Amino acid sequence: MLSLLHPAPLTAGEQLTGETFDRYTLGRTLYYGFEGTIYGVERYLPDRQVLWSFLDGRCQKGHWYEDADQICFVYEDNNTPQCWRFALEPEGLIAQFESDPRATELYEVEDLDEDMLCYGPEVGV
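The rules we used
Residues numbered from 1 in each chain as written. Predicted model: local features only at pLDDT ≥ 70, side-chain atom pairs only at ≥ 80, totals over all residues. Heavy atoms only, no water. Buried < 20%, exposed > 50% of the residue type's maximum accessible area, 1.4 Å probe, protein only. Helix = DSSP H or I, 4+ residues; strand = E, 2+ residues; numbered from the N terminus. Pairing = 2+ DSSP bridges. Salt bridge = Lys/Arg side-chain N within 4 Å of Asp/Glu carboxyl O.

**Q** Got a sec to walk through the pairing of strand β8 (residues 92-97)? Specific residues and values, please.
**A** The buried fraction of β8 amounts to five of the six residues, a majority that puts the element mostly inside the structure. Both strand β7 (residues 78-89) and β8 contribute to a ladder of six bridges, which runs antiparallel. Note on β8: the bridge partner recorded for Ala87 is Ile94. Bridging between β8 and strand β9 (residues 105-109) involves three bridges; their strand directions are antiparallel. Residue pairing for β9: Ile94 is matched across the bridge by Tyr107.

Laid out in structure tokens, this is it:
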């Protein structure tokens, strides 16, 4: 009964389910790297809502859901799900893009102590 009150801690190498992914990410802002450079940042909000940026000041609202052991994201400007398999390693999350597993593997970068910048909508004439 105690395990229902206090979920088991996450262990290194564990593939994350929707529940464990939510437990790890909720309320956090995580920076992701790819091949030695910062790739983007995502803020994890309540109700599986997210805010993503490629660090260019433009942020995309979206949400995530679990589907067949994958965590899939849908963003406001792209209705095509972006599905990933997440695992927890000693350094943080590792994300393997499932739509093309050879293409992208992202990894959590240590806390950069930077704010996530989201500028307002572009204003035109």
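**Q** How would you explain the pattern of salt bridges if you had to name every residue and give the values?
**A** Proximity of charged atoms lets side chains of opposite charge pair with each other. What the rule picks out here adds up to three salt bridges. Across the pair Arg28 and Glu108 runs a salt bridge, and its minimum N-O distance is 3.4 Å. On the criterion of sequence distance, the pair formed by Arg28 in the loop between α2 (18-25) and β2 (29-34) and Glu108 in strand β9 is long-range, its members being 80 residues apart. For Arg28, a relative accessible area of 31% corresponds to the partly exposed category. With a closest N to O distance of 3.3 Å, Arg85 and Glu98 form a salt bridge. Here Arg85 is found in strand β7, whereas its partner Glu98 is found in the loop between β8 and β9, with 13 residues between them in sequence. By relative accessible area, Arg85 is classed as partly exposed at 27%. Relative accessible area serves as the criterion here: at 22%, Glu98 is assigned to the partly exposed category.

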